[in-house]
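Chain by chain, the residues run as shown.
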Amino acid sequence: MKIAAEGCNLLFTISCLLLISGLGVHSLSYDYSATTQCVEEPQRAQYGGGIIVNPGFDHNIEGWTVFGKGAIEERISNGGNRFIVARNRTQPLDSFSQKVQLKKGMLYSFSAWFQLSEGSYSVSVLFKTNGSELIRGGHVIAKHGCWTLLKGGIVANFSSSVQILFESKNSTVEIWADSISLQPFTKKQWRSHQDDSIEKVRKSKVRFQVTHVNETALEGARIFIKQRKPGFPFGCGMNHNILTNNDYQKWFVSRFKFTTFTNEMKWYSTEIKQGQENYTISDAMLKFAKENDISVRGHNIFWDDKKYQPEWVKSLSPEELRVAAAQRIKSVVTRYKGELIAWDVVNENLHFRFFEDKLGENASAVYYATAYQLDPTTTMFLNEYNTIEHSEDEVANPVHYLKKLEEILSFPGTGGISLAIGLQGNFAFGQPNIAYMRSGLDLLGTIGLPIWLTEVSVDLDPNQAEYLEEILREGYSHPAVEGIIMFTGPVKAGFKKIPLADENFQNTPAGNVVDKLIHEWQTRSLEAIVDSRGCVDVLLHHGDFDVTVTHPLNHSSKTLNLSVRKDFSNETIHVMMHA
């Protein structure tokens with residue numbers, strides 16, 4: 001690719017994308033700053049309410065009906081704001097409802113502001129189909145005394161009318177709502193926004209200024225740029241077959257610089273018999289990774305599911321378990337101290353509670369504090385499934401995930417811990433709900449912790465490759481996501497759920513998607529020519545680069561290493577050349 005500069009102007013202009021739909025011009029944005037903000041008065045409905053009738057209740061409760069029992073009414077705040085109230089509730093689904101028409105293949109972004117008559121409880125938005133199926137589309141913790149934004153969504157796999165309604169498990173409180181919006185987007189519009197976001201959050205402008213030793217501009221100097229390593233961690237799971245299969249090694253090393261061992265660091269792999277620890281395989285895999293400049297996430301110290309404990313652990317008394325677990329965490333964390341970029345400390349401890357049932361409610365928090373004390377420089381992850389991929393799983397929804405984070409962070413000994421959000425991303429059969437995924441990332445992004453998609457996969461499906469691409473693009477384009485690891489690979493290594501390569505290491509359709517994205521998410525070899533003022537601006541993907549600057553007359557050259565990161569903003573790289 002060649003770039004010719006005109007002055008020192010930025011050659012690539014990044015602008016906010018305006019999406020054109022049949023309802024007018026709309027900006028589809030990642031506004032997650034307001035998701036947990038509690039305000040005195042709600043903002044106006046996004047997109048003018050979209051397809052919602054009377055979204056701001058300027059016309060009393062026109063368009064809204066009672067769902068379930070109880071009653072609904074309009075109220076007016078002291079500031080003159082009008083909103084709807086569901087009162088006299090006796091069941092969780094007693095609320096207000098509106099019927100809307102969904103169109104197959106469209107993505108619908110939902111938002112609304114909520115308040116409760118007392119206390120602080122979860123509120124969910126649901127979509128009720130004609131077949132009486134209830135599809136959850138988003139969650140928020142609503143409070144008394146201020147308004148909080150609920151964001152959610154649904155991807156329609158049918159054309160039908162649905163009822164929008166709301167749920168609070170505490171049926172004694174009134175639900176108050178205002179500025180309710182449901183905005184449709186085509187897949188093309190959604191993709192356009194992803195592309196625009198990638199330009200803004202995954203790239204930075206770099207200005208090169210080339211001069212003679214007397215600091216006069218060196219017009220015509222050529223700059224050659226080659227990316228050495230991507231800045232965004234995009235990796236793949238790895239298993240023990242990497243140690244004995246040269247084709248697997250070549251396949252992996254040619255694509256990925258980040259990985260998670262799928263099983264080899266887990267307790268049931270390293271201590272099959274009590275007291276007989278064996279790290280031979282995980283040590284060898286880590287050595288291979290280091291030799292090939294591959295960063296490794298530690299997975300995992302503990303797993304809270306009883307089913308996945310070493311067999312001998314399942315029959316231990318609480319005191320015996322406490323001793324064995326203390327030895328386990330000390331052994332594995334100290335062994336790999338400073339060698340890993342992350343640890344999944346207690347895997348899936350929203351869904352399961354093996355250690356809590358045996359050792360008490362603070363068991364997981366104790367292990368986070370212990371891991372931090374043993375290895376204070378490594379990032380510790382809360383790793384869970386179904387938080388963003390399955391809206392019907394309430395156990396680990398984003399609201400409950402945040403509560404668990406609060407428990408860990410409030411526990412003595414975790415002060416200063418580098419904590420991060422691990423979202424597995426194991427998507428089931430069928431069209432993934434990318435709108436719900438985005439709303440979950442928005443909510444989790446409000447607290448400012450790093451978010452990784454840690455085990456991305458898609459169940460077997462005729463459209464598996466297409467769905468994988470949608471999920472990966474949604475994650476990569478979201479400003480709060482800082483890394484993605486897929487739990488997949490070649491068939492020859494045993495990855496059959498969503499293989500990227502067949503028995504002969506030829507790409508599957510999913511493998512083609514991954515290779516395309518690897519290519520797309522990096523800056524290819526780039527040549528730029530400086531202008532009469534000695535400068536040129538380029539837009540580079542974040543990462544590490546080798547740069548060579550060549551004199552236009554004597555063809556002498558100068559080389560430098562450049563690291564471009566997300567905090568790299570409007571930087572100027574000065575290069576001085578000798579005659």
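Nothing here was measured: the structure is a model prediction, and the numbers come from that model.

Cut-offs used in this document
Residues numbered from 1 in each chain as written. Predicted model: local features only at pLDDT ≥ 70, side-chain atom pairs only at ≥ 80, totals over all residues. Heavy atoms only, no water. Helix = DSSP H or I, 4+ residues; strand = E, 2+ residues; numbered from the N terminus. Rg over C-alpha atoms; globule rule 2.2 N^0.38 Å. Buried < 20%, exposed > 50% of the residue type's maximum accessible area, 1.4 Å probe, protein only. Contact = heavy atoms within 4.5 Å. Areas by Shrake-Rupley, 256 points an atom, 1.4 Å probe, with all protein chains shown as cover. Pairing = 2+ DSSP bridges. Axes fitted to C-alpha atoms, helices over the stretch in contact; angles between N-to-C directions. Expected span 1.5 Å × (residues − 1). Arc of directions from axis to C-beta. Core = buried A, V, L, I, M, F, W, Y, C linked by side-chain atoms within 4.5 Å.

Draft legend 1. A look at the overall build of the chain. Within the chain, the regular secondary structure consists of 11 helices and 30 strands. For 579 residues, the compact-globule estimate of 2.2 N^0.38 gives 25 Å, and the chain sits close to it at 27 Å. Based on the C-alpha atoms only, the size of the chain along its principal axes is roughly 85 × 65 × 45 Å. Within the chain, buried positions represent 56% of all 579 residues. For the chain, long-range pairs separated by at least 24 residues make up 76% of all intrachain contacts whose partners lie at least 6 apart in sequence. If you sum the accessible surface of the chain, you get close to 24,000 Å²; carbon and sulfur atoms cover 49% of it.

Draft legend 2. Geometry of the sheet that holds strand E13 (residues 160–167). Spatially, the five strands line up as an open sheet ordered E5-E8-E13-E10-E11, and their pairing is antiparallel. The open sheet is flanked by strand E5 (65–67) and strand E11 (134–143), the only strands paired with a single partner. Neighbour-to-neighbour, the strand axes of the sheet open up by a mean angle of 35°, direction not taken into account. Where E5 and strand E8 (residues 95–102) come together, three bridges link them in antiparallel fashion. Across the sheet, residue threonine 65 finds its bridge partner in E8, namely serine 97.

Draft legend 3. A look at the sheet that holds strand E15 (residues 203–212). Overall, mixed pairing links the three strands, which are arranged E27-E15-E30 in an open sheet. Both outer strands of the open sheet, strand E27 (535–541) and strand E30 (571–577), are each paired with one neighbouring strand and no more. Averaged over all pairs of adjacent strands, the angle between strand axes in this sheet comes to 30°, irrespective of strand direction.

Draft legend 4. How the structure looks around the environment of threonine 548. Along the chain, threonine 548 turns up in strand E28 (residues 543–550). Between the alpha carbons of threonine 548 and phenylalanine 224 there is a distance of 5.1 Å; along the sequence they are 324 residues apart. Those residues in contact with threonine 548 that lie beyond four places of it in its chain are Arg222, Ile223, Phe224, Ser557, Lys558 and Thr559.

Draft legend 5. Structural view of helix H11 (residues 509–520). With 12 residues, H11 extends 17 Å between its outermost C-alpha atoms, agreeing within 8% with the 16 Å of an ideal straight helix rising 1.5 Å per residue. Looking at H11, one finds that the buried residues are Ala510, Gly511, Val513, Val514, Leu517 and Ile518. The buried residues of H11 occupy an angular sector of 155° when the element is viewed end-on, so they sit on one face. Packing partners of the buried residues in H11 comprise strand E17 (234–238), helix H10 (464–477) and strand E25 (481–486).

Draft legend 6. A look at the nonpolar core. Formed by 97 residues in total, the largest nonpolar core has its most connected members in Trp343 and Phe355. Discounting chain neighbours no more than four positions away, the residues touching tryptophan 343 are Met265, Gly298, His299, Asn300, Ile301, Val332, Val333, Tyr336, Thr378, Thr379, Met380 and Phe381. Grouped together as the second largest cluster of nonpolar side chains are 33 residues, Ala86, Leu102, Leu116 and Phe166 included.

Coordinates in, geometry out; function isn't part of it.
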